[in-house]
Amino acid sequence: MTADLTATPLVTLTDGVLTLPVSLEGKGNSLDSDAVDQAAIALRALLDGEIDAGSVLLVGLGKNFCNGGNVPGFAAAEDRSEHVRELADRLHGVVRMLDEVTVPVVAAVAGWAAGAGASLAMAADFSVGGPDTRLLAAYPGIGLSPDGGMSWRLPRAVGQPAARAFILGNEPMDGERAFQLGVLTTFVDGDVREAARSLAVRLAAGPRESHAAAKALLRASENATLSDQLDAERESIARLAVSPDGIEGVDAFVAKRRPEFGRG
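Residues numbered from 1 in each chain as written. Predicted model: local features only at pLDDT ≥ 70, side-chain atom pairs only at ≥ 80, totals over all residues. Heavy atoms only, no water.

Labelled according to an unreviewed UniProt entry, the protein chain appears under the name Enoyl-CoA hydratase-related protein, originating from Dietzia maris. The heading Sequence similarities (unreviewed entry) in the UniProt record of the protein chain holds the text "Belongs to the enoyl-CoA hydratase/isomerase family." We quote the UniProt Function (unreviewed entry) comment for the protein chain here in full: "Could possibly oxidize fatty acids using specific components." (UniProt positions renumbered as here; feature names shortened; annotations may be inferred.)

Printed below as a string of structure tokens:
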């Protein structure tokens, strides 16, 4: 079943890829409230089984991926605390759903990813950058603290010392360095958006139950003992062995042909 996307005109669904813009070309490529709200609607539909997608792609519609929050909007708010709290709450709803979806999430980190933009890049399973990619914590520059999960994800990716240096030092990190540290998963010399899109299309054609099971195991591993994780892995692989994609994958391997997932 595919939901009607007319209520979310910024969102597209082609080749099994649900594309969610996080910033628009205007306003300096800052995080766009309408885009965040539409992403939330689309992700909820995906989680509810109303959208048939095999991957999610996060993009910026301008030169940059996302330059963080709309700071002039912060300044103009009558109650700055409540305004920022409400924006963070909406963003965090999207971040929670990105973590919850069972399909792979890809971020096309072209140009700058600052503040909440950097947090969204880290929220993806695959973050694709290139020579022009720049990441910046940005929060200390305006006297604020991280949101979007940066303070949780970054230490797990690079360790506490490097995370503190990135956030507190507030110095830009280029794409190559971010890839070396593990902040970006993929570094390409060519077009970042094109590479991210190609990856998302390939993942969308892959074995969805396998992707879902792997993501569930990885999520559970954060709080599991090795013994508990081994038990969970045993049950998961046994269950997938008789799933349509599991059967197709094994049979295709034996027959020395390319598997055709999603036929069951």
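Q: Describe the environment of glycine 115, and please don't skip the residues or the numbers.
A: Here glycine 115 shows up in the loop between strand E5 (112–114) and helix H4 (116–123). Under the relative-accessibility criterion, glycine 115 is labelled buried at 5%. Spatially, the C-alpha atom of glycine 115 lies 30 Å from that of aspartate 48, the residues being 67 residues apart in sequence. Contact partners of glycine 115, with chain neighbours within four places excluded, come to Gly68, Leu136, Ala137, Ala138, Tyr139 and Met150. (Helix = DSSP H or I, 4+ residues; strand = E, 2+ residues; numbered from the N terminus. Buried < 20%, exposed > 50% of the residue type's maximum accessible area, 1.4 Å probe, protein only. Contact = heavy atoms within 4.5 Å.)

Q: Residues and numbers for the sheet that holds strand E4 (residues 105–108), please.
A: Pairing between the strands of a sheet comes from backbone hydrogen bonds, and it takes one of two forms, parallel or antiparallel. Sheet architecture is open: six strands sit in the order E1-E2-E3-E4-E6-E9, paired in mixed fashion. Looking at strand neighbours, the two that pair on one side only are strand E1 (12–14) and strand E9 (186–187), the edges of this open sheet. Bridge count for strand E2 (residues 17–23) against strand E3 (residues 55–60) is six bridges, and the pairing is parallel. Each bridged residue has a counterpart across the sheet, and for proline 21 the counterpart in E3 is valine 59. With respect to the sheet, helix H8 (residues 192–204) is in contact with E1, E2, E3, E4 and strand E6 (126–129), its orientation differing from that of E4 by roughly 170 degrees. (Pairing = 2+ DSSP bridges. Axes fitted to C-alpha atoms, helices over the stretch in contact; angles between N-to-C directions.)

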